[in-house]
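# Survey of secondary and tertiary structure
Here's the letter readout for the chains.
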Amino acid sequence: MAVRRSFKFLLRPTRQQEIALAACLEDHRQLYNAALEHRRTAYRRAGVTIRYGDQSSELKHIRADDPEGQARWSFSSQQATLRKLDKAFRAFFDRVKAGRAPGFPRFKGRGRFNAVEWPKDGDGCRWDSQPAHPTATFVRLQGVGHVRVHQHRPVMGRVKTISVTREGSRWYVVLSCDEVPAEPLPATGAAGGIDMGVASLVTTSDGEHLANPRHLAACADRLAAAQRDLARKKRGSNRQRKAVARVAALHAKVCRQRLDTAHKAALALVRAYDVIVHEDLRIANMTRSASGTIEAPGRNVAAKSGLNKSILDAGWGVFLRVLAYKAESAGRERIAVNPANTSRTCAECGHVAKENRVTQAMFRCRACGHTAHADVNGAVNILRAGLALRQAAQAA
Ligand SMILES: [Zn+2]
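Here the residue index of a chain counts from 1 through its sequence in written order. Selection of residues for local features in this predicted model requires a pLDDT of at least 70, selection of side-chain atom pairs for listing and counting requires 80 or more, and totals for whole chains, interfaces and linings are taken over all residues.

What follows covers the UniProt feature "domain: Cas12f1-like TNB" (unreviewed entry) in the protein chain. In the numbering used here, UniProt assigns the "domain: Cas12f1-like TNB" (unreviewed entry) feature to residues 316-382. Here a strand is any run of E in DSSP of at least two residues, a helix any run of H or I of at least four, and the numbering for each starts at the N terminus. Within the segment residues 316-382, helix and strand shares are 36% and 16% respectively, and the terminal C-alpha atoms sit 16 Å apart. UniProt positions are given in the numbering used here, feature names are shortened, and annotations may be inferred rather than shown by experiment.

If you want it as structure tokens, here you go:
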């Protein structure tokens, strides 16, 4: 069995390469905005829809007219940017068709366009280009040169696409690979349910608490302070530029921590369980937003501010994506269940009452007196719901 996977590495560009990378991103941004302008005008003035194919065939003229600018970069990467715009328009027309408020695709301001993709390794880019340097890894990018890569782990499978992203002041290369061999883990004979919470990102039905997101919350506090600071700065001033850089750097840090936390928690789970049952996050988010807050918040809840809450919400989404690919690669089964009532049902006797949940952490059944950590009680219910679903599916 083989799977698709991406690998992300920090780039170590020279000063000159950094300038070239910034120019590459900026030209792709301007290409995106020009193509958007073209489509907007045609649509608004004449009701004409311009298609990707039309814009792609314009590219060679644009390049011919701008030998020192647009012509420096890979034709294919420019096509990828036009396809990105095409995708935004398709989503726009889908929203129109569905009768929803259709926000028109927007122009990308400076700092709002942070990725360029080369759709095929070997076409305007080359992974592991090895410019006479046997030990280090380099990626060659047309117009930029051989950029050194901090390759902290091996790449598996076949490199399909190469992207470069800017996050704050750092540059990364992202490889999307297919035919990555799956690495099945030996069976453990165990099934586990997980509760996704606030005090611990994940609590298992066996009572294990994984990934305390406290450091994430601390980072979120600093981010909120940096955002307030930014709001006080005068537009276009030097201080504002610096404040923007600080906010961007903290955002990037939050992202890295979130991913790191998710990887560790997911790895522990796929090692321990053959079957992993979790809440269906789409349903969980609906119930959360309906009640206005995370269920039964206690005193020690990190979700005290909207920012903290959104950071935790994003944390659960990232965690489930990481878990999905790790489970697939390890040959583990994953089941998503409706989380309704899992936090207020007694795992011992099945009695359902809001009052069973005494505090954020404490569960005490009003009917049978069963006491447990509330998240563990929830995880046991989630496991039970998942196994029931599985049994029903096998019987059918
Ligand atoms: Zn009970």
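The subject of this paragraph is the sheet that holds strand β8 (residues 191-196). The criterion for strand pairing is that DSSP finds at least two bridges linking the strands in question. The 5 strands lie next to each other as β10-β9-β8-β11-β12, forming an open sheet whose pairing is mixed. Looking at which strands have only one partner, the edges of the open sheet turn out to be β10 (209-210) and β12 (333-337). When β8 meets strand β11 (residues 275-279), the two strands line up parallel, connected through 3 bridges. Bridge pairing links A191 to V275 in β11. Where helix α5 (residues 238-272) meets the sheet, it contacts β8, β9 (202-204), β10 and β11, and its direction lies at approximately 160° from that of β8. Along the sheet face, helix α8 (residues 374-395) touches β8, β9, β11 and β12 and points at about 130° away from the line of β8. In this description, a residue-residue contact is defined by the distance between C-beta atoms placed from the backbone, which must lie within 7 Å. In this description, a line fitted to the C-alpha atoms serves as the axis of each element, helices being fitted only across the stretch in contact, and the angle between N-to-C directions of two axes falls anywhere from 0 to 180 degrees.

With 91% of its residues at a pLDDT of 70 or more, the protein chain shows a mean pLDDT of 88. Looking across the protein chain, the model is least confident in helix α6 (residues 281-291), with a mean pLDDT of 55, and most confident in strand β2 (residues 115-118), with 98. For residues 289-305, every residue scores under 50 in pLDDT, and the model assigns this stretch 27 contacts once sequence neighbours within four places are set aside. The pLDDT score gives, residue by residue, the confidence of the prediction method on a 0 to 100 scale.

Here we take up the packing of helix α1 (residues 15-46) against helix α3 (residues 75-97). Packing of α1 against α3 brings their axes to within 10 Å, and their N-to-C directions diverge by 45°. Viewed along their axes, α1 and α3 adopt a mutual orientation that is oblique. Considering how the two elements wind past one another, α1 and α3 form a crossing that is right-handed. Along the contact surface, α1 presents H28, L31, Y32, A35, L36 and R39, while α3 presents Q78, T81, L82, K84, L85 and F89. Three categories are distinguished: nonpolar for Ala, Val, Leu, Ile, Met, Phe, Trp, Tyr, Cys and Pro, charged for Asp, Glu, Lys and Arg, and polar for the others, with Gly belonging to the last. Grouping the amino acids of the contact of α1 with α3 by side-chain chemistry returns 7 nonpolar, 3 polar and 2 charged. Roughly parallel means an angle under 35 degrees; roughly antiparallel means over 145; roughly perpendicular covers 65 to 115; every other angle is labelled oblique. If you view the pair so one helix is near and one far, a crossing is left-handed when the near helix is turned anticlockwise from the far one by less than a right angle, and right-handed when it is turned clockwise.

A few words on helix α2 (residues 52-65). Expected span of a helix: the number of residues minus one, times 1.5 Å. If you check α2, its first and last C-alpha atoms are 20 Å apart, about what 14 residues at 1.5 Å a residue would give, namely 20 Å. The angle between axes fitted to the seven residues ending at a residue and the seven residues starting there is what we call the bend at that residue. Of all the bends found along α2, the most pronounced is centred on L59 and spans about 30°.

Judged by pairing direction, the sheet is antiparallel, and its 7 strands sit side by side in the order β2-β6-β7-β1-β5-β4-β3 without closing on themselves. Lying at the two open borders of the sheet, with one neighbouring strand each, are β2 and β3 (125-127). Looking at each pair of strands side by side, their axes are set apart by 30° on average, direction ignored. Two elements, β2 and strand β6 (residues 158-167), share 4 bridges in a ladder whose sense is antiparallel. Bridging across to β6, V116 finds its partner in V164.

Attention now moves to the pairing of strand β1 (residues 2-12). When β1 meets strand β7 (residues 170-181), the two strands line up antiparallel, connected through 8 bridges. The partner of R5 across the bridge, within β7, is C177. As paired elements, β1 and strand β5 (residues 145-150) share 3 bridges and run antiparallel to each other. Across the sheet, L10 pairs through a bridge with H150, a residue of β5.

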